[in-house]
Amino acid sequence: MKGLEVGDLTVQFGSTVAVDHVDLEVPAGSVVAVLGPSGCGKSTLLRAVAGLEVPASGSVAYDGHSLAGVPTHKRGFALMFQDGQLFEHLDVGANIAYPLRLRHRSRAVQGQRVAELLDLVGLQGYGDRTPATLSGGERQRVALARALAVDPRLLLLDEPLSALDRGLRERLAGDLHDILRRAGATAMLVTHDHEEAFAVADRMAVMRDGRIVQGGTLDEVWRRPADGWTARFLGYATVLSGEGARRLRQLAAPSATWESVALRRSALRVDAAGPLTARVQEARVTPDQIRVQLDVDGAGSLPAVADPGTDVRVGASVRVSIDTSRIAPVPVER
Amino acid sequence: MTSLRSRAGTAALAAVPLLALAVFFLYPVGGMLARGFWPEGSFAPGRVLEVLARPRVHRVLWFTLWSAAAATAVAIVTGVPVAFALHRLRFPGRDLVRALVVVPFVLPTVVVGVAFRQLIAPSGPLGRLGLDGTATAIVAALVFFNVSVVVRTVGSFWEAIDPRREEAAAALGASPAQVFRTVTLPALLPGIVSAASVVFLFCATSFGVVLTMGGLRYANVETEIYLLTTQELDLTGAAALSVLQVLVISALLALSARVRRSVVPVDRTTKRVPRPRRAHLPVLAWTAAVVVFLMAPLASLVVASLRRGESWGLQNYRALGTTGERNALLVPATQGLANSLQVALVASLLALSLGAAVAFLVSRPGGGRPTAVLDGLFMLPLGVSAVTVGFGFLITLDRPPLDLRTSPMLIPIAQAMVALPLVVRTVGPVLRSVDDRQRQAASSLGAGPLRVLLTVDLPVAWRSLLAAAGFAFAVSLGEFGATSFLARDDRPTLPVVIYRLIGHPGAENFGMAMAASVVLAATTAAVMFAVQRLRVGSMGAF
């Protein structure tokens with residue numbers, strides 16, 4: 001199953017290199033997230049794939065056919081932006097039917113397909129509404145339906161959920177995951193939000209300063225961050241190296257050889273039966289747990305969690321356990 | 001309490017410009033109309049209707065409508081591609097071209113008329129086309145004038161379209177032509193309609209161009225009013241035409257205001273526009289051709305100013321210090337320039353202070369109906385014939401308590417009225433772009449109303465105020481319609497000097513007219529270049 005293949009792609013704006021010798025594959029039927037901070041070149045990469053930027057060198061191919069010189073509208077892709085970019089002068093139904101009209105499908109086919117798509121994105125009966133009357137989440141659903149209308153070979157999603165507030169974003173991320181699978185879509189998603197990437201994609205590529213620093217399945221990237229920066233970007237709370245890392249390794253994985261480790265906040269837990277001793281420096285109660293900052297003997301100041309109700313007054317001595325599934329070894333930096 | 005006080009302040013602020021408008025616009029125009037309806041002191045509307053039945057009036061009306069419609073259509077078709085090139089592409093020299101395109105709009109109408117005639121006269125560079133004295137030439141001159149309005153208005157709409165919307169359509173399979181038809185054009189349409197209505201307005205009320213180019217064959221409503229009042233002393237006929245004009249113009253203004261209101265506000269993107277690609281070559285070539293079209297009459301004017309008979313040199317410019325061949329003028333042409341500058345300074349200050357107050361009032365959020373009425377009221381001078389205003393001044397402001405016949409303020413006031421709508425249109429949108437919550441934040445931090453004005457509105461608006469003042473100055477420099485009535489022979493402005501010179505025979509007078517036109521054009525262009533550097537988006541857009 002071939003799909004999108006990006007080979008050694010470079011995009012420049014004047015003397016600035018926005019995309020720097022990038023290789024990327026999006027196998028047909030998969031959803032790949034390109035994750036990176038703003039300004040890392042991920043949107044430019046997406047635009048180059050869409051044919052909206054002309055690469056300085058390298059190739060973009062689909063199913064083995066080079067797309068060099070193929071204009072955007074002949075690539076058979078669909079693009080969905082952060083803010084939907086609905087056509088304000090058309091109603092919801094006409095927005096979704098837009099790509100169908102371009103292809104001269106009959107009115108009956110258009111109507112049926114629009115109804116199907118509205119159903120798919122959970123907006124039954126919204127066909128006559130104008131975009132101005134929709135909420136942010138509804139607009140994104142319409143934009144998604146429009147992008148899916150003619151079964152594009154590749155769906156390009158540019159921060160599709162970033163403009164939404166947190167609760168809606170989480171809900172829509174789950175929906176997006178399901179809708180893409182149900183539609184059997186091949187998709188490339190760019191985002192700066194690792195939670196969005198994990199919720200929607202099967203594979204991910206982490207991008208930094210125009211380069212892909214790591215790629216693989218979600219699990220591979222998650223378990224083996226390429227470096228400390230990547231680990232932090234993926235949501236690891238701390239990266240520990242030197243004496244502290246060795247101390248943790250002795251307890252968590254005596255047979256391993258890593259010299260540096262990334263820890264989730266919940267990797268360390270206040271636990272009367274734990275092997276480590278620590279002093280509480282700060283404690284903050286949240287609805288699910290107590291977040292603490294501990295001065296761990298032999299490892300220094302580290303974040304940790306405690307179950308609600310645990311006695312973690314500042315200055316108290318506590319014992320701490322390690323959850324080995326929530327730590328990931330990383331190569332020593334420099 | 002505060003609300004009451006601020007309401008009283010608002011009323012006071014509105015009172016000054018309203019009073020000025022009433023005394024120096026509505027009253028003279030009303031007086032002019034009254035002369036027509038009450039010819040011998042008694043109401044006789046039947047006479048007005050009789051005028052409208054005259055075959056000559058029908059011809060004039062027909063010419064006004066079709067020449068304005070044709071010029072509008074051509075200006076739109078000409079200007080839209082240029083708007084794209086100048087507002088959606090980035091290339092070296094773009095700002096210069098933008099400035100060049102605006103120049104014709106502020107050129108004195110008399111200069112444009114003279115420049116076009118020079119270009120197409122049998123002896124001119126394009127004399128072989130045989131366009132001299134034809135309707136085609138008049139339409140071309142009207143297009144020349146108004147292309148910049150289309151470029152600026154449509155261009156500002158084009159800038160507001162998020163390019164990603166078009167990219168989304170392209171990614172969904174729309175070819176460039178389909179993208180334009182289904183996405184770009186619907187978004188531009190309000191801008192195009194708005195530009196078209198304003199251009200039609202300008203064309204239908206154009207005075208200097210038709211007067212200098214139409215000769216005896218072509219007259220529009222505006223020049224006909226002038227002719228009826230000054231040559232035939234037929235005030236009833238003039239008043240009838242003025243009434244007709246006011247009605248048509250008011251309807252048009254209402255329509256264009258409606259279109260403006262229905263525009264969906266779009267977030268302006270700060271995205272940088274792209275450099276041109278090969279596909280943009282036709283648009284760039286078109287833009288170059290339009291620039292040539294806009295510059296050709298001016299170039300030919302400059303050439304003519306450097307020539308007298310067979311000899312070349314600066315003698316025409318040197319002659320500006322004289323009163324012309326056989327004393328065509330009462331004072332030297334240079335004195336006319338000095339008068340013009342003085343008048344323009346006073347007129348622009350007046351227009352700025354009144355216009356800023358109006359712009360401030362109409363930009364307050366939640367003004368509702370009174371604001372809309374105020375806005376429309378101050379747009380009226382845009383549509384009422386300047387000739388009507390000028391003549392109205394003459395016949396109403398000639399007795400106590402308002403006897404201004406000999407006052408040096410007469411012309412500046414009349415010109416300020418003509419420039420007022422442009423000031424409001426330039427400053428208003430800028431003030432409106434200030435988020436009202438910024439004012440609320442400032443006042444919650446302890447700033448009084450004046451403080452809010454100085455610290456929130458002024459930093460945003462000062463450029464547009466300066467630009468509006470410059471714009472008013474340029475408009476006033478070239479104003480001819482009202483001034484032609486009010487200027488006395490011993491205190492003429494430069495456009496009046498030019499008109500007088502081309503009306504007198506003699507190579508020296510003709511050469512002087514050319515030189516004076518170049519000086520006037522250069523002065524206005526210099527002011528406009530300075531204004532252009534302020535980069536106010538709303539300038540010259542309607």
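Rules used throughout
- Residues numbered from 1 in each chain as written.
- Chains lettered and ligands numbered in written order.
- Predicted model: local features only at pLDDT ≥ 70, side-chain atom pairs only at ≥ 80, totals over all residues.
- Heavy atoms only, no water.
- Helix = DSSP H or I, 4+ residues; strand = E, 2+ residues; numbered from the N terminus.
- Buried < 20%, exposed > 50% of the residue type's maximum accessible area, 1.4 Å probe, protein only.
- Contact = heavy atoms within 4.5 Å.
- Areas by Shrake-Rupley, 256 points an atom, 1.4 Å probe, with all protein chains shown as cover.
- Lys, Arg positive; Asp, Glu negative; His and termini not counted.
- Charge placed at Lys NZ, Arg CZ, Asp CG, Glu CD.
- Buried area = accessible area lost by both parts, 1.4 Å probe.
- Salt bridge = Lys/Arg side-chain N within 4 Å of Asp/Glu carboxyl O.
- Polar contact = N/O pair within 3.5 Å; in protein donor to acceptor, adjacent residues only side chain to side chain.
- pLDDT = per-residue confidence, 0-100.
- Phe/Tyr/Trp six-rings, centres within 6.5 Å; stacked < 30°, edge-to-face > 60°.
- Lys NZ or Arg CZ within 6 Å of the ring centre and 35° of its normal.
- Domains from an automatic or database assignment.
- 1 Å grid on protein atoms, 1.4 Å probe; cavity = no way out; pocket = protein on both sides within 12 Å on 5 of 7 lines; lining within 4 Å.
- Points joined across faces, edges and corners; volume = space filled by probe spheres on them.
- Nonpolar A, V, L, I, M, F, W, Y, C, P; charged D, E, K, R; others polar.
- Pairing = 2+ DSSP bridges.
- Axes fitted to C-alpha atoms, helices over the stretch in contact; angles between N-to-C directions.
- Left-handed = near helix turned anticlockwise from the far one by under 90°.
- Core = buried A, V, L, I, M, F, W, Y, C linked by side-chain atoms within 4.5 Å.
- Patch = residues over 30% accessible without salt bridge, like charges linked within 9 Å, V, L, I, M, F, W, Y side chains within 5 Å.
- Expected span 1.5 Å × (residues − 1).
- Arc of directions from axis to C-beta.

Novice: Let's hear about the overall build of chain B: which residues, and what values?
Specialist: Counting secondary structure elements, chain B contains 23 helices and four strands. The principal-axis extent of the C-alpha atoms belonging to chain B is close to 65 × 65 × 45 Å. Taken over 542 residues, chain B has a buried fraction of 56%. Of the contacts made within chain B by residues no fewer than 6 positions apart, 80% connect residues no fewer than 24 positions apart. With an accessible surface of roughly 23,400 Å², chain B has 66% of that area assigned to carbon and sulfur atoms. Put simply, chain B has 46 plus and 25 minus side-chain charges, and the middle of one group is 9 Å from the middle of the other.

Novice: Now, about the interface of chain A and chain B: what can you tell me, with residues and values included?
Specialist: Taken together, the contact pairs 20 residues of chain A with 19 residues of chain B. Between chain A and chain B, the buried area comes to about 1,900 Å², and carbon and sulfur atoms account for 60% of it. Summed over the three residues of chain A that lose the most area to chain B, namely A:H73, A:Q85 and A:Y98, the buried surface amounts to 30% of that side. The tally of links from chain A across to chain B stands at two salt bridges. With a closest N to O distance of 2.8 Å, A:D83 and B:R164 form a salt bridge. Viewed at the interface, chain B and chain A are joined by eight residue pairs in polar contact (both at pLDDT 80 or more).

Novice: So what's going on with the pattern of salt bridges? Which residues, and what values?
Specialist: A side chain with one charge may pair with a side chain of the opposite charge, provided their charged atoms come close. Residues and elements named next belong to chain A. The tally for this structure, following the rule as stated, stands at 29 salt bridges over all chains. When the shortest N-O distance is used, the salt bridge between D20 and R211 registers 3.2 Å. A residue pair is termed long-range when its members are at least 10 positions apart, and D20 in strand β2 (residues 16-27) and R211 in strand β10 (residues 211-217) qualify at 191 residues. Among the residues examined, D20 registers a relative accessible area of 16% and is labelled buried. A salt bridge links R141 to D175, with the shortest nitrogen-to-oxygen separation between them at 2.9 Å. Linking R141 in helix α4 (residues 136-148) with D175 in helix α5 (residues 166-182), this pair joins segments that are 34 residues apart in sequence. A single network of salt bridges, built from pairs that share partners, joins E243, R246, R249 and E259.

Novice: With reference to specific residues and values, describe the confidence of the model for chain A.
Specialist: Per-residue pLDDT for chain A averages 90, and the proportion of residues at 70 or more is 99%. Mean pLDDT per element in chain A: helix α9 (residues 243-252) of chain A is the minimum at 84, and strand β3 (residues 31-35) of chain A is the maximum at 95.

Novice: Now, about the packing of aromatic side chains: what can you tell me, with residues and values included?
Specialist: Considering all chains together, one arrives at 18 aromatic pairs over all chains under this definition. Ring centres of B:F207 and B:Y226 lie 5.1 Å apart, and the angle between their planes is 65°; on these two criteria the pair is classed as edge-to-face. Of the two residues, B:F207 sits in the loop between α8 (176-204) and α9 (208-214) while B:Y226 sits in helix α10 (residues 221-230), which places them 19 residues apart along the sequence. Among the residues examined, B:F207 registers a relative accessible area of 5% and is labelled buried. Since its relative accessible area comes to 13%, B:Y226 is described here as buried. For A:R146, the ring lying beneath its charged end belongs to A:F87, and the centroid distance is 4.4 Å.

Novice: Please provide a residue-by-residue account of the domain arrangement of chain A, values included.
Specialist: Residue and element names in this part refer to chain A. Partitioning chain A into structural domains gives domain 1 (4-232) and domain 2 (241-330). Relative placement of domain 1 and domain 2: their C-alpha centres are 39 Å apart. On the side of domain 2, five residues touch domain 1, which itself brings seven residues to the contact. At the boundary of domain 1 with domain 2, total buried surface from both sides reaches about 450 Å², with 66% on carbon and sulfur atoms.

Novice: How would you explain empty space enclosed by the protein if you had to name every residue and give the values?
Specialist: Applying the stated criterion across every chain yields a total of five cavities of 30 Å³ or more. Considering only enclosed or pocket space, the largest cavity measures out at about 660 Å³ in volume. In terms of lining residues, the largest cavity is bounded by 33 residues, among which B:T109, B:F202, B:T205, B:V418 and B:V475 are the most central. Together, A:M80, A:Q140, A:R141, A:L144, A:L161, A:L172, A:D175, A:L176 and A:I179 line the second largest cavity. Only α4 and α5 of chain A provide two or more residues apiece to the lining of the second largest cavity. A total of four residues in the lining of the second largest cavity trace back to one element, the largest contributor, which is α5(A). When the residues that make up the lining of the second largest cavity are grouped by side-chain class, the tally is six nonpolar, one polar and two charged.

Novice: I'd like a rundown of the sheet that holds strand β4 (residues 57-62) of chain A, residues and numbers included.
Specialist: Residues and elements named next belong to chain A. The antiparallel open sheet is built from four strands, whose spatial order is β2-β1-β4-β5. Pairing within the sheet leaves two strands with one partner each, and these edge strands are β2 and β5 (65-66). In the sheet, strand β1 (residues 3-13) pairs with β4 via five bridges, with the strands oriented antiparallel. Looking at β4, one finds that E5 is bridged to A61. Contacting β1, β2 and β4, helix α1 (residues 42-50) runs over the sheet at an angle of about 115° to β1.

Novice: How would you explain the packing of helix α3 (residues 55-88) of chain B against helix α12 (residues 281-305) of chain B if you had to name every residue and give the values?
Specialist: All names here are of chain B. For the pair α3 and α12, interaxial distance at closest approach is 9 Å and the crossing angle is 115°. Where α3 crosses over α12, the two elements pack in a sense that is left-handed. Packed against α3, whose contacting residues are V77, T78, P81, V82, F84, A85 and L86, the element α12 presents V283, L284, W286, T287 and V290 at the interface.

Novice: Which residues make up the nonpolar core, and what values do they have?
Specialist: Counting residues in hydrophobic clusters, the biggest one holds 165 residues, and the most contacted among them are B:V154 and B:F393. In terms of residues, this core owes the most to one element, helix α6 (residues 135-160) of chain B, which gives 16 residues. Core analysis: the second largest hydrophobic core is formed by 64 residues, A:V121, A:L123, A:A143 and B:A170 among them.

Novice: So, a nonpolar patch on the surface: which residues are in play, and what are the values?
Specialist: Together, B:V302, B:V303, B:L306, B:W312 and B:L314 give the surface a local cluster of nonpolar side chains, amounting to about 440 Å² of exposed area. Note on B:V303: relative accessible area 41%, which makes it partly exposed.

Novice: Got a sec to walk through α5(A)? Specific residues and values, please.
Specialist: All names here are of chain A. The end-to-end C-alpha distance of α5 is 24 Å, a good match for the 24 Å that 17 residues give at a rise of 1.5 Å each. When α5 is considered as a whole, its buried residues turn out to be L172, A173, L176, I179 and L180. The arc that holds every buried residue of α5, seen down its axis, measures 140°, which confines them to one face. Facing away from the buried surface of α5 by more than 90 degrees, the exposed residues are R171 and R182. If you follow the buried residues of α5, they end up packed against β3, α3 (107-120), α4, β7 (154-158), β8 (187-191) and α6 (194-200). G184 sits one or two residues past α5 and shows a positive phi near 65°.

Novice: Requested: an account of the environment of A:Q12, with residues and values cited.
Specialist: Residues and elements named next belong to chain A. Structurally, the position occupied by Q12 is in strand β1. In this structure Q12 comes out as partly exposed when scored by relative accessible area, which is 39%. Put simply, Q12 and A56 are 44 residues apart on the chain and 6.2 Å apart in space, counted from C-alpha to C-alpha. Ignoring sequence-local partners within four residues, the contact set of Q12 consists of V17, A18 and A56.

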